[in-house]
Amino acid sequence: MDDILTVKNIVDCLSLYEIRIIPFIGNDFIKVGRKEIKGLCNTSTKIIYINSELDFTERKSVCIHELLHAISDVKGLRLTEKEVYKLEKKYFNKIYKRK
């Protein structure tokens, strides 16, 4: 798979998507079966939601994850949740865990 998290792809997504960092507790828009939601990429409304109650490191990881969902949508890649999770870990380590 080619490099997905490129500056071009990020700019393309940021030109189409809005990012909202908000507290998730008590927000009615989160209607999914899981108890702990860290982020959400709504491809219909083109809004990425990031839970503001996460620590900064976790927010960065979630931001990468949701941005990958948005890139998948914009580029028509149809990435699965498992593929996005794997890429999230790859890019987070590449960006933040350099030695």
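Before reading further, recall that the structure is shown in the block above.
Residues numbered from 1 in each chain as written. Predicted model: local features only at pLDDT ≥ 70, side-chain atom pairs only at ≥ 80, totals over all residues. Heavy atoms only, no water.

Enquirer: Before we go on, may I ask you to explain the state of the cysteines in this structure?
Expert: A disulfide bridge is the covalent bond that connects two cysteines by way of their sulfur atoms. Evaluation of the coordinates by the stated rule reveals 0 disulfides. For the unlinked cysteine C13, the closest cysteine sulfur is that of C41, found at 7.9 Å. (Disulfide = S-S within 2.5 Å.)

Enquirer: Please explain helix α2 (residues 56–75) as it appears in this structure.
Expert: One turn of an α-helix holds 3.6 residues; hence residues three or four places apart share an orientation. Counted at 1.5 Å a residue, the expected span for α2 with its 20 residues is 28 Å, and the 28 Å between its end C-alpha atoms agrees. For α2, the full list of buried residues reads S61, V62, I64, H65, E66, L67, L68, H69, A70, I71 and S72. Residues of α2 that are buried sit in contact with α1 (7–16), β2 (39–42), β3 (47–51) and α3 (81–96). Regarding α2, its N-cap is D55, as a side-chain oxygen of that residue lies 3.1 Å from the backbone nitrogen of T57 further along. In the segment just after α2, G76 is the residue with positive phi, at about 65°. (Helix = DSSP H or I, 4+ residues; strand = E, 2+ residues; numbered from the N terminus. Expected span 1.5 Å × (residues − 1). Buried < 20%, exposed > 50% of the residue type's maximum accessible area, 1.4 Å probe, protein only. Contact = heavy atoms within 4.5 Å. Polar contact = N/O pair within 3.5 Å; in protein donor to acceptor, adjacent residues only side chain to side chain.)

Enquirer: I tried to follow the environment of C41 on my own but got confused; where do I start?
Expert: With respect to the helices and strands, the residue C41 is situated in strand β2. For C41, a relative accessible area of 15% puts it in the buried group. The spatial distance from the C-alpha of C41 to the C-alpha of L67 is 7.7 Å, given a sequence separation of 26 residues. Residues contacting C41, with those up to four places away along its chain left out, are Y17, I47, I48, E66, H69 and A70.

Enquirer: In this structure, what is going on with the pattern of salt bridges? I would like to understand it.
Expert: A side chain of one charge can pair with a side chain of the opposite charge when the charged atoms of the two come close. The tally for this structure, following the rule as stated, stands at 6 salt bridges. A salt bridge links D12 to K8, with the nearest nitrogen and oxygen atoms 3.0 Å apart. Of the two residues, D12 and K8 are both situated in helix α1; the distance of 4 residues between them amounts to about one turn of the helix. With a shortest N-O distance of 2.7 Å, E18 and R20 are connected by a salt bridge. On the accessibility criterion, E18 (38% relative accessible area) is partly exposed. Accessibility expressed as a relative area gives 33% for R20, which makes it partly exposed. (Salt bridge = Lys/Arg side-chain N within 4 Å of Asp/Glu carboxyl O.)

Enquirer: I'm lost on a nonpolar patch on the surface in this one. Help?
Expert: A contiguous nonpolar patch, built from L14, I19 and I21 and spanning about 260 Å² of accessible area, is present on the exposed surface. Mapped onto the fold, I21 is located in strand β1 (residues 18–22). Residue class for I21 comes out partly exposed when judged on its relative accessible area of 48%. (Patch = residues over 30% accessible without salt bridge, like charges linked within 9 Å, V, L, I, M, F, W, Y side chains within 5 Å. Areas by Shrake-Rupley, 256 points an atom, 1.4 Å probe, with all protein chains shown as cover.)

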